[in-house]
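Now for the letters of each chain:
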Amino acid sequence: MRILMTGATGRIGANVGRRMIQNGHSLLGFTVPGDPQASKLAAIGADVIEGHLESIDDIRGAMAGVDAVFHLGAAFQAGGPFTPEQYMQINVQGTFNVFEAARERSGAIRHIVFSSTDATLDKYPPEGNPEVLNEQSLTQTQTDWYGFTKILGERLADRYVRADGLPVTVFRFPWVWGAGEFLDFPHFRLSFFLESFRRSSDPAARRTLATLESLDDGTDPLVIALDANGRSWKKHTLDVRDIVQAFDRVLGVEQAWGGVYQLGGPEPFTWREAVPVVAEALDRRVVEARMAGMPPTFYEFDLSAARRDFGFEPQFSWRSTLEEAVRYVRSGDSAIVPTTVSAPDQ
């Protein structure tokens, strides 16, 4: 197939694009004019076309002659800052442009994969999520501009599937790890919690802040974060290499048309499991604290829909991702294409 990819120079796009080319597809990377990362597309054998997602004429021109579209381009937290107007123009108008240009080539476009995020979900209730979450478990009620505009993108996808029969599949990404990033996760560090609690006037949060400040010896130790009841925080994330597998397996699968799929790694991790391993790799001190006054991170995803419909089977556990991070940091090399752009907290 001839595949058009928006967001092609990002960390996810570069890795997915390389796999598509290895599988015999041709890739057309859609980039903003002057993108300094565009050279990586030539390095993997892709073609490049410049334009703006906000311009439907640019999208129409890019879509001529393609068979499939991977729509990864978006304004997101780590790539900003962006204004509310930019979030709306890039994430909503841009997504409309992609779907509308595909509709105009109805029958020629064999598959569209739209990248969304678990940042659309209300996944931080006061007591965490006791049940494993599927695609219908939580409401989509975000007010931050990134999550809100991705909700609108999902609604656009649903509209074009129902009204026009577009073969759209929606992927929701969680927090995505790439080369070396596990060791740099800010939510393992005391400094992150100090900064967060200093912004709160909640009485419980102020008491937690006093506890955290008593643990601060100037070395920024790593923290085993616990909820108010002493339960370790838990998070479900995803290695970028498993995203590559998801795109590889879903392309052209009719069973996935019209579907929304949460992706994730083989299992979640807890702070109690992961922090000591990270601390050993970094030779850092470990403390633990109950984070009363802050909604806990505590969730796990059910991946059975993606397994059932297109055979998604993630291979890279958080432990293997951490091992890769240690190798990457020590050697400066990795099987993953590294970039300076991190995935958003999703």
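Residues numbered from 1 in each chain as written. Predicted model: local features only at pLDDT ≥ 70, side-chain atom pairs only at ≥ 80, totals over all residues. Heavy atoms only, no water.

A. Local environment of the overall build of the protein chain. A tally of regular secondary structure across the protein chain gives eleven helices and 13 strands. Along the longest, intermediate and shortest principal axes, the C-alpha atoms of the protein chain span 60 × 45 × 40 Å. Across the protein chain, the fraction of contacts at a sequence separation of at least 24, relative to all contacts at a separation of at least 6, is 79%. For the protein chain, the distance from the average position of its 34 positive side-chain charges to the average position of its 45 negative side-chain charges is 2 Å. (Helix = DSSP H or I, 4+ residues; strand = E, 2+ residues; numbered from the N terminus. Contact = heavy atoms within 4.5 Å. Lys, Arg positive; Asp, Glu negative; His and termini not counted. Charge placed at Lys NZ, Arg CZ, Asp CG, Glu CD.)

B. Examining the packing of helix α4 (residues 84-104) against helix α5 (residues 145-164) more closely. Here α4 crosses α5 at 15°, and the two axes come no closer than 9 Å. One finds that α4 runs roughly parallel with respect to α5. Once α4 is placed against α5, the crossing between them reads as right-handed. Here Pro84, Tyr87, Met88, Asn91, Val92, Thr95, Phe96, Phe99, Glu100 and Arg103 of α4 come into contact with α5, specifically with Trp145, Tyr146, Thr149, Leu152, Gly153, Leu156, Ala157, Tyr160 and Asp164. Taken together, the residues of the contact of α4 with α5 break down into twelve nonpolar, four polar and three charged. (Axes fitted to C-alpha atoms, helices over the stretch in contact; angles between N-to-C directions. Parallel < 35°, antiparallel > 145°, perpendicular 65-115°, else oblique. Left-handed = near helix turned anticlockwise from the far one by under 90°. Nonpolar A, V, L, I, M, F, W, Y, C, P; charged D, E, K, R; others polar.)

C. Main features of the sheet that holds strand β3 (residues 47-50). The seven strands lie next to each other as β3-β2-β1-β4-β5-β6-β11, forming an open sheet whose pairing is parallel. Across the chains shown, the open sheet's two edge strands, defined by having one partner strand only, are β3 and β11 (260-262). Across this sheet, the average inter-strand angle for adjacent strands is 20°, counted without regard to direction. Pairing of strand β2 (residues 26-31) with β3 involves four bridges; the strand directions are parallel. What sits directly across from Gly29, in β3, is Val48. Packing against the sheet, helix α1 (residues 11-22) makes contact with β1 (2-6), β2, β4 (68-71) and β6 (168-173), and its axis sits at approximately 175° to β1. Helix-sheet contacts for helix α8 (residues 240-250) involve β4, β5 (111-117) and β6, and the interaxial angle to β6 is about 165°. (Pairing = 2+ DSSP bridges.)

D. Quick peek at the confidence of the model for the protein chain. Summarising the model, the protein chain shows a mean pLDDT of 93, and 96% of its residues fall at 70 or more. Counted against residues more than four places away or in other chains, residues 334-346, with its pLDDT under 50, gives 54 contacts. (pLDDT = per-residue confidence, 0-100.)

E. Here's a closer look at the environment of Glu300. Here Glu300 shows up in the loop between β13 (286-290) and α10 (304-310). Assessed through its relative accessible area of 24%, Glu300 is described here as partly exposed. Taking the C-alpha atoms as reference, Glu300 lies 26 Å from Leu194; in sequence the two are 106 residues apart. Only 3.3 Å separates the side chain of Glu300 from the side chain of Lys234, close enough to count as a polar contact. (Buried < 20%, exposed > 50% of the residue type's maximum accessible area, 1.4 Å probe, protein only. Polar contact = N/O pair within 3.5 Å; in protein donor to acceptor, adjacent residues only side chain to side chain.)

F. Expanded view of unusual backbone geometry. Of note in the backbone geometry, Asp220 takes a positive phi value of approximately 50° without being a glycine. Take Asp220: it is sitting in the loop between α7 (203-215) and β8 (222-226). Positive phi is not limited to glycine here, since Asp283 has a value of about 55°. Within the element layout of this structure, Asp283 appears in the loop between α9 (271-282) and β13. Judged by relative accessible area, which is 70%, Asp283 ranks as exposed.

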